[in-house]
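If you want the building blocks of each chain, they are given just below.
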Amino acid sequence: MKKVLLAIGSGDYSKILRRRFDMHLDSFEVSEQEVMHRRYLYEILDLEKPDILILHDYYLASDLSSKAEKEQEWISFIQTIREQYDDAVRVVFLCEREKGDPFLASLVHNHVLDIFYSNAIDMTQMIDQLKDKPRFSRVSKLTTTGNLSSVSSIERLEENEREIPQDTQEEKEVVSLEDAKQKAPKKESSTQTSEQTPPKEKKEKPEKKPRPIIKKVVEKKVNIVNKQVIKRDYHIEITNQVERVVGVPLEKKLVLVGSPFPRSGSTFVSHLLARELAKIGVTVTYIESPYSTAYSYDRFGGHNDIPNYRSKFYQFTKEIDPKLKSTFDWTYSDVNLIVKHPDNEPIYDLNEIPFDVYIKILLAQQSIVTIVDVGTDWHQEIYRDLYDIATHAYFIVEPDISNIQYLEDPDNIHTSFFREVLSHQKSSLIGNRFDNELLENELLADLYKETITTCIPHFSSVDVFTSHHSASFLNDLKKPNPMIYDSLLPIIKDLLPPEYLKKQKGGLFSGLFSKKVNIRKT
């Protein structure tokens, strides 16, 4: 069993990680102690002696202000623990940076082989990776020739490094995420820097590897959990510079979308949801039911974009002629599509695609969210089984009184399945072509006002036809319709944690994250 020490700096983020590690108690034990500031890293690491140390680039607060200084602080820390512990401590680094960032290459050069740098962290992949041994092959792509410039940039920083003032006797404690953000000030304007920062002293570059510039000063034993809160006043300045906020871990979701009735819009809603998730940086796969007529291939102009396409269903079940040029992967507008080719694939039956084959196709997907468009194929036993393992199921209904009466009739055995699953927590209704005013109707209000997750409004037939004619998602028209995001937001909130949505379009702090925040004590 491997002991894990979290150095995240965010209680909410840590809870997500702890919850996932707790699902693998046979492999991992997460320390109750937690690092909430970089100044305590050495001390708590020495006390806990973990096998795995998980660091967070952004949330773990620092006494330094500039990006270059913070990066050098990380490199110096990692070099020091490598000297002290060799490979006994496995360092995992979480951040959100571009693939070509020189700092990532510097981490790899210092033998950090577990780096998660995308804005959406696949927790299943992380756990599986930490169960395996560290492998250079996972991060080799971060050490390209262009990234080697990071070494010289680190050396230039060492030539101009400043002495970092030691901690004063007054303790500066981090007790919450908001405090952490305030006590890790961003880079201020050049005027403020010149007033508050002592002039840089030139130092000769040492012949040997320089000692870490971070000095460890321990005046007394620290109890991170029970700290006295010291209130301070801060002056906050916001400028129009951008500093990216690191991502949050996302759990994989299997979403079923369907309807009791044909032509209710399950495919329409599935397409909208898939594209909207992709637009906010979530990897997503859309899967068309193999037991129904092909639709999405023509909908997105597959005959022009990928004429040799065959679906994963074909790949897993048919003998493939080696002379036949075939493509089995299709990503369109950042959405991974698994749909049937109408001319080259049949309407499959359960003998051709049984449950075990369907599961293999689902497990092969690396997307955070997989949307299965069931349509009206709920009578297939396989979808009853998939419902048991799905994380969410959405049933599309329209304001059609005859269909509503048919669905709600307690004596109707044909719709008993829907009435049963709608009582489950993971099942929800979506009203398509619903206006919110309709829910004021006495009949609809009595049935659905408290149970419908969201209402998809009626969109202009001209806009819908235009998107079809241009083989594009309705979300991507030149004049974006804000109703799309607004109507899908309740579903997106079901699927994604609030920490992720705060950074995205329509999020609570979206305006703040597009600016540079400077904080200084008054």
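For the structure, see preceding data.
We now turn to the structure provided with this report. In this text, all values refer to a predicted model and were calculated from it rather than measured experimentally.

### Regarding the overall build of the protein chain
Inference 1: Along the backbone of the protein chain there are 21 helices and 17 strands.
Inference 2: Burial status across the protein chain gives 50% buried among its 522 residues.
Inference 3: For the protein chain, contacts bridging at least 24 residues in sequence account for 79% of all contacts bridging at least 6.
Inference 4: Of the roughly 26,600 Å² of accessible surface on the protein chain, 50% is carried by carbon and sulfur atoms.

### Some points on the packing of aromatic side chains
Centre-to-centre distance and the angle between the planes together describe a pair of aromatic rings.
Inference 1: With the rule as written, the count across this model stands at 26 aromatic pairs.
Inference 2: In textbook terms, an aromatic cluster arises when at least three aromatic residues are bridged by ring pairs, as seen for Tyr297, Phe300, Tyr309, Trp330, Tyr332 and Phe473.
Inference 3: Its guanidinium or amino end placed over the ring of Phe417, Arg384 lies 3.9 Å from that ring's centre, counting from NZ or CZ.
Inference 4: Stacked on the ring of Tyr387, the Lys or Arg Lys426 has its end atom at 4.6 Å from the ring centre.

### A few points about the pattern of salt bridges
Any two side chains of opposite charge can pair, given that their charged atoms come close.
Inference 1: Taken as a whole, this structure holds 18 salt bridges when the rule is applied.
Inference 2: Across the pair Lys3 and Glu48 runs a salt bridge, and its minimum N-O distance is 3.1 Å. A residue pair is termed long-range when its members are at least 10 positions apart, and Lys3 in strand S1 (residues 2-7) and Glu48 in helix H2 (residues 41-48) qualify at 45 residues.
Inference 3: Owing to a relative accessible area of 18%, Glu48 belongs among the buried residues under this scheme.
Inference 4: Several salt bridges share partner residues, and in doing so they unite Asp57, Glu71, Arg97 and Asp101 into one network.

### A look at the environment of Ile361
Inference 1: If you trace the backbone, Ile361 turns up in helix H13 (residues 355-363).
Inference 2: Remark: the alpha-carbon pair of Ile361 and Phe316, spanning 45 residues in sequence, is separated by 8.0 Å.
Inference 3: Dropping the residues within four chain positions of it, Ile361 is found in contact with Lys312, Phe313, Phe316 and Ile338.

### With respect to the nonpolar core
Inference 1: Grouped together as the largest cluster of nonpolar side chains are 66 residues, with contacts concentrated most on Leu94, Leu277 and Leu496.
Inference 2: The biggest single contributor to this core is helix H19 (residues 482-495), with seven residues.
Inference 3: In contact with Leu94, not counting residues within four places along its chain, are Ile8, Tyr13, Leu17, Ile54, Leu55, His56, Asp57, Phe116, Ile121 and Met126.
Inference 4: In this structure, Ile287, Phe395, Leu439 and Tyr448 belong to the second largest nonpolar core, which totals 39 residues.

### Looking at the layout of surface pockets
Inference 1: The computed volume of the second largest pocket comes to approximately 790 Å³.
Inference 2: In this structure, the second largest pocket is lined by 32 residues; those nearest its centre are Arg263, Gly265, Thr267, Phe268 and Tyr295.
Inference 3: Listing elements by their share of the lining of the second largest pocket, those giving two or more residues are helix H9 (266-279), strand S13 (369-375) and helix H18 (461-469).
Inference 4: Per-element tally for the lining of the second largest pocket: the top contributor is H9, with five residues.
Inference 5: Across the lining of the second largest pocket, the residue classes break down as eleven nonpolar, 16 polar and five charged.

Calculation rules
Residues numbered from 1 in each chain as written. Predicted model: local features only at pLDDT ≥ 70, side-chain atom pairs only at ≥ 80, totals over all residues. Heavy atoms only, no water. Helix = DSSP H or I, 4+ residues; strand = E, 2+ residues; numbered from the N terminus. Buried < 20%, exposed > 50% of the residue type's maximum accessible area, 1.4 Å probe, protein only. Contact = heavy atoms within 4.5 Å. Areas by Shrake-Rupley, 256 points an atom, 1.4 Å probe, with all protein chains shown as cover. Phe/Tyr/Trp six-rings, centres within 6.5 Å; stacked < 30°, edge-to-face > 60°. Lys NZ or Arg CZ within 6 Å of the ring centre and 35° of its normal. Salt bridge = Lys/Arg side-chain N within 4 Å of Asp/Glu carboxyl O. Core = buried A, V, L, I, M, F, W, Y, C linked by side-chain atoms within 4.5 Å. 1 Å grid on protein atoms, 1.4 Å probe; cavity = no way out; pocket = protein on both sides within 12 Å on 5 of 7 lines; lining within 4 Å. Points joined across faces, edges and corners; volume = space filled by probe spheres on them. Nonpolar A, V, L, I, M, F, W, Y, C, P; charged D, E, K, R; others polar.

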